[in-house]
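Listed here are the chains, written in short residue letters.
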Amino acid sequence: MRTIQTLNKESQLNSLIKKKRSQDFIVLFHSLWDSRSQKLMSLATGTWASGEGEETLYTISSWDIPHGFVAFRVCRTPALVVCKNGKIRKHDYLPQIHNFLSGSTGLRITGRI
């Protein structure tokens, strides 16, 4: 079952960053005031969370942890950061994030940080 975990403290984010070489993870950066971010968050809690798999989606709010945006070089919200096999990829193209969360297509690992 897929789970969604909200990171509220920098210490939680730092422990996640330390695991990047040994663990694959997905981070969704969002804003509380952005309507697009809110739609993607509702899509994540609905469609993505009910899908099959053992993945965890970590969510970071721009209000709670602004340091997280600097750590992954995220300049705008919403953004999806995928860490797979120790390589970090950032996706900020809205249709690509929507397709990933809706499960309609797989996410191609493109773009570099």
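Note that this is a predicted model, so its numbers are computed, not measured. (Residues numbered from 1 in each chain as written. Predicted model: local features only at pLDDT ≥ 70, side-chain atom pairs only at ≥ 80, totals over all residues. Heavy atoms only, no water.)

A.B. asks: I keep staring at the overall build of the protein chain and nothing clicks. Help me out?
C.D. replies: For the protein chain, the count of helices and strands is four helices and five strands. Relative to the compact-globule value of 13 Å for 113 residues, the protein chain shows a C-alpha radius of gyration of 13 Å, a close match. Summarising its shape, the C-alpha atoms of the protein chain cover approximately 30 × 30 × 25 Å along the three principal directions. Every one of the 113 residues in the protein chain was classed for burial, and the buried ones make up 37%. When contacts within the protein chain are restricted to residue pairs at least 6 apart in sequence, those whose partners lie at least 24 apart make up 67%. When the accessible surface of the protein chain is split by element, carbon and sulfur atoms take 49% of a total near 6,700 Å². Computed over 16 positive and 8 negative side-chain charges, the inter-centroid distance for the protein chain is 9 Å. (Helix = DSSP H or I, 4+ residues; strand = E, 2+ residues; numbered from the N terminus. Rg over C-alpha atoms; globule rule 2.2 N^0.38 Å. Buried < 20%, exposed > 50% of the residue type's maximum accessible area, 1.4 Å probe, protein only. Contact = heavy atoms within 4.5 Å. Areas by Shrake-Rupley, 256 points an atom, 1.4 Å probe, with all protein chains shown as cover. Lys, Arg positive; Asp, Glu negative; His and termini not counted. Charge placed at Lys NZ, Arg CZ, Asp CG, Glu CD.)

A.B. asks: Hey, could you run me through the pattern of salt bridges in this one?
C.D. replies: Side chains that differ in charge, positive against negative, can pair when their charged atoms come close. Taken as a whole, this structure holds two salt bridges when the rule is applied. With its nearest N and O atoms 3.2 Å apart, the salt bridge here joins Glu-55 to Arg-2. Residue Glu-55 is found in the loop between helix H2 (35–48) and strand S3 (56–61), and its partner Arg-2 is found in the segment before strand S1 (3–7); the two are separated by 53 residues along the sequence. Taking relative accessible area as the criterion, Glu-55 reaches 31% and is therefore assigned partly exposed. The salt bridge involving Asp-92 is made with Arg-76; its shortest N-O contact spans 3.2 Å. Highlighted residues: Asp-92 in the loop between strand S5 (87–91) and helix H4 (94–102) and Arg-76 in the loop between helix H3 (66–71) and strand S4 (79–84), separated in sequence by 16 residues. Asp-92 gets classed as partly exposed once you look at its relative accessible area, which sits at 30%. (Salt bridge = Lys/Arg side-chain N within 4 Å of Asp/Glu carboxyl O.)

A.B. asks: I'm lost on the packing of aromatic side chains in this one. Help?
C.D. replies: Applying the stated rule across the entire model yields four aromatic pairs. Here the aromatic rings of Phe-29 and Phe-72 are separated by 5.8 Å at their centres, their planes lie at 65 degrees, and the arrangement is edge-to-face. Here Phe-29, found in strand S2 (residues 25–30), pairs with Phe-72, found in the loop between H3 and S4; they are 43 residues apart in sequence, far enough to count as distant. In this structure, Phe-29 and Phe-72 share a single accessibility class: buried. When the centroid spacing of 5.5 Å and the interplanar angle of 80 degrees are considered together, the rings of Trp-33 and Trp-63 count as edge-to-face. You can see Trp-33 sitting in the loop between S2 and H2 and its partner Trp-63 sitting in the loop between S3 and H3, a full 30 residues away along the chain. The pair Trp-33 / Trp-63 is uniform in exposure class, with both members exposed. Taken together, Phe-29, Phe-69 and Phe-72 form an aromatic cluster joined through their ring pairs. (Phe/Tyr/Trp six-rings, centres within 6.5 Å; stacked < 30°, edge-to-face > 60°.)

A.B. asks: Would you explain H4 in this entry?
C.D. replies: For an α-helix the count is 3.6 residues per turn, leaving residues at separations of three or four pointing the same way. Ile-97, Phe-100 and Leu-101 are the residues of H4 that are buried. The arc enclosing the buried residues of H4, seen along the axis, measures out at 95 degrees, which places them on a common side. Phi for Gly-103, located one or two positions after H4, is positive at around 80 degrees. (Arc of directions from axis to C-beta.)

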